[in-house]
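Structure assessment
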Amino acid sequence: MIHLDELIRVPPGTQGIRPGVHRVVYVAQRERLAALFWMGLGKPEEALKFSSHARKPKACDLLHIEELLQRNLIQRVAVESIATPPNRVRWAQESTKIAKRNKSILLELTPDETQFSLLFSGSWTRHLQAVAARHEVSKKTATLLLLRYYGLRRDIEAASLDGRWRKGECSERKVTRKLGRKHKRVESGHRPEAIGRNATQDDRDLIKIFYDTAADQSASKASLYSHYEDLFSPTKCTEEADGTIELSKDESVPILNERQFRYALNKVVGELKLLENAAGERRINLSNRVAIGSARDRVEYPGQYYIIDATVVDVYLVSAFDRRRIIGRPVLYVVIDAFSSLIVGFHLALEGPNFAQARIAMYRAVSDKAQWLNWLGVPHIAHLLPQGCVPTFWFADRGELHSADSRALQVELTTSLSLAAAYRAEWKAIVERNFGVLNTTCVHWVPGAVRNREKERGARDYRLDAIFTLKEFSRFIARQVAKLNLTRDMSRHLSGSMVSRSVVASPTSFWTWGIQHKHGSARYLPQEAAVRSMLPHTTALITRFGLESEKRTYVGDWMKEHEQFKLAGHNVSVSPAKLTPSPDNPALAWCQMPHESAMLEVKFQNRHHVTQEFCSEDVTELETVCEFLGQDLKDDTKAIRIDLSRENRNEVREAKDATEATLAATPLTNSARTKGISANRKAEVQALESRTTQTSQIVPAGHASPEVLPAHTTAEAAPGTGVDYFKLMSTEMAHWSES
């Protein structure tokens, strides 16, 4: 049978119970339950610390514990009494204010009914919070008192005393000297003859003057005290026989120590001013300033404010065409409606942050996302990523949108741009918090995520776990954004009219209800207008092969009948067209022909570079890699090319020398050499065919020297002189065969 305050040793490997020494702190015979309080491993070097190691007692089945004891799978441990403290006078302060408060807290927590509710009914936190609130202490204080009560054999008097040394079996701290101000400071390195003194009003006045005239008031208190000691510590003068004097510190005069200086400095200057001077204005505005407003203040309807911001995502990606190559971390742009917290658009890129990528996120916010979601392969979530209306204000930080191109875009859309003040991230708290939600809920749990900023030696490099391509991760984020738009809890922002109309507390419902009942004049852009006004365009040359821009060719079936391309086929110079690549599909683009207003769709011609899994960034990367591979080919074959070119030059020189030597031996006129070329060609073919049928080796005519030429081969027997060239060649062949 198990008894209260009994110690039980649990070896490693026991299922459901932490290994170590446990104390039985509660037994419910009727309910067949027992509570075990972990006391540590029983080793002096691993003593129990209530502030960090102790945990809530574990509720166990009483029959299971008794069975383990009977089978000797766990063992009872003999209990020794706690030794009497050596200095009982100081520790037995049962009448102090803190001890009385601790005792009253434990008296509320230790009755049997309360203990049963705490340990077995799941009301541990609720009871502790209620008791802590009634006694005006923190929940941690109440928890530590209760854990100390369990560790000290449920002794309320011992657990209520203040200043106990929590070690092992919670034995008393051994005090060998009087605590308090030191009489002698030899052991701590201070001057033995300087006993010390109390701070006077003159000291406080001097400290205030010193601080007001300090050059760097943001320095640490230790640095300030060192400077104060150098300036105002007592000095003495030593004079030599030759009249030389030397100043040194007078060790016999007591001065204020650092602790006294810190205390006096807090009193005369004020702790708030010290903290403000140490932090600086920027740090105070960023992290310490009182913030009583809300990011949704003065937002009356959906589409009034779109908040946009960018961050580098904590995950590494791989190349789409070679998954062995890691391409780094992408940049995520998010656009959120301030009224409904609906994520109206986002964009993932390998560049940036810059305005070229930010305007793609802005385009996604106000355009139809159906084509983009179809390309991603998730068309079924289109209703959770609705098209946003043109906002009244774009709200951003002083980054990429603070530019001339951004202002030109606002003029084109007839919208306004609002910029947050520097070091005021709370103005964009909605989008800033959204980054944290995305990281904690999904990004930090995928392979390749950034685990910690500082790497430990021997730990696996988390970058090697990267698996996602840019398109795959875009699809992953799209699903998570759709989930947030559908399930984010917006119940705290419900108004009375929303409740009366049974509006669901989600961003999508807030958006739909706000557009119908709050906005009144929402303006949506057609796809063609969104492309023309929001996306950047480049110039493209019109040729008979299509539109050419940046080494890319775009084609469309409508080009066959277009007048500009027909003129280009006749080498007529025509004006260039405007080309806008599609951010939704890298294989598509829109073009605007000269003197026309319509936006026509064209397709990327090099389709072997564009697959269903490639983004526009992947296409650009592939083209760059191809250029590098071509340059590598040139570098690798440079030596062979040089050798072959040298051999060709030698071949040309030898052939030239041989031809000049032959012409010098048997000169011919230019007209004679160019006459009868067809007949010469036919005779040459027949001569070559005859040579292949011979079994003996034939000496080529071009390598015969003038001395061995047949006697009948003279200038008079040349073509064009009345002699049959075919008969002459036959005679020469017969002569070669005889020789």
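Residues numbered from 1 in each chain as written. Predicted model: local features only at pLDDT ≥ 70, side-chain atom pairs only at ≥ 80, totals over all residues. Heavy atoms only, no water.

A short note on the pairing of strand β16 (residues 546-549)
- Across three bridges, the pairing between strand β15 (residues 538-543) and β16 is antiparallel. Residue pairing across strands places I542 opposite L547, the latter belonging to β16.
- A loop of two residues connects β15 with β16, the two strands running antiparallel in sequence.
- As paired strands, β16 and strand β17 (residues 552-555) are joined by three bridges and run antiparallel to one another. Bridge pairing links E548 to T553 in β17.
- Joining the antiparallel neighbours β16 and β17 is a turn of two residues, in which E550 adopts a positive phi near 50 degrees. (Pairing = 2+ DSSP bridges. Helix = DSSP H or I, 4+ residues; strand = E, 2+ residues; numbered from the N terminus.)

A word on the packing of helix α9 (residues 221-232) against helix α10 (residues 258-269)
- For the pair α9 and α10, interaxial distance at closest approach is 10 Å and the crossing angle is 105 degrees. With respect to α10, the element α9 is oriented roughly perpendicular. The segment α9 lies against α10, with K221, A222, L224, Y225 and Y228 engaging E258, F261, R262, L265 and N266.
- Grouping the constituent residues of the contact of α9 with α10 by class yields six nonpolar, one polar and three charged. (Axes fitted to C-alpha atoms, helices over the stretch in contact; angles between N-to-C directions. Parallel < 35°, antiparallel > 145°, perpendicular 65-115°, else oblique. Contact = heavy atoms within 4.5 Å. Nonpolar A, V, L, I, M, F, W, Y, C, P; charged D, E, K, R; others polar.)

Examining the environment of L274
- Relative to the helices and strands, L274 resides in helix α11 (residues 271-279).
- The buried category is assigned to L274, whose relative accessible area is 8%.
- For the pair L274 and Y211, spaced 63 residues apart in the sequence, the C-alpha separation amounts to 9.9 Å.
- Sequence-distant contacts of L274, that is, excluding residues within four places in its chain, are made with Y211, K221, L265, N266 and V269. (Buried < 20%, exposed > 50% of the residue type's maximum accessible area, 1.4 Å probe, protein only.)

Points about the layout of surface pockets
- Taken as a whole, the second largest pocket encloses approximately 840 Å³ of empty space.
- If you go around the second largest pocket, you meet 30 residues; those closest to its centre are E550, R552, P581, S616 and T620.
- Taken together, the elements giving at least two residues each to the lining of the second largest pocket come down to α13 (355-366), β17, β18 (577-581) and α22 (616-636).
- By residue number, the principal contributor to the lining of the second largest pocket is α22, which donates seven residues.
- A breakdown of the residues in the lining of the second largest pocket according to their chemical character gives twelve nonpolar, ten polar and eight charged. (1 Å grid on protein atoms, 1.4 Å probe; cavity = no way out; pocket = protein on both sides within 12 Å on 5 of 7 lines; lining within 4 Å. Points joined across faces, edges and corners; volume = space filled by probe spheres on them.)

All we've got here are geometric facts, nothing functional implied.
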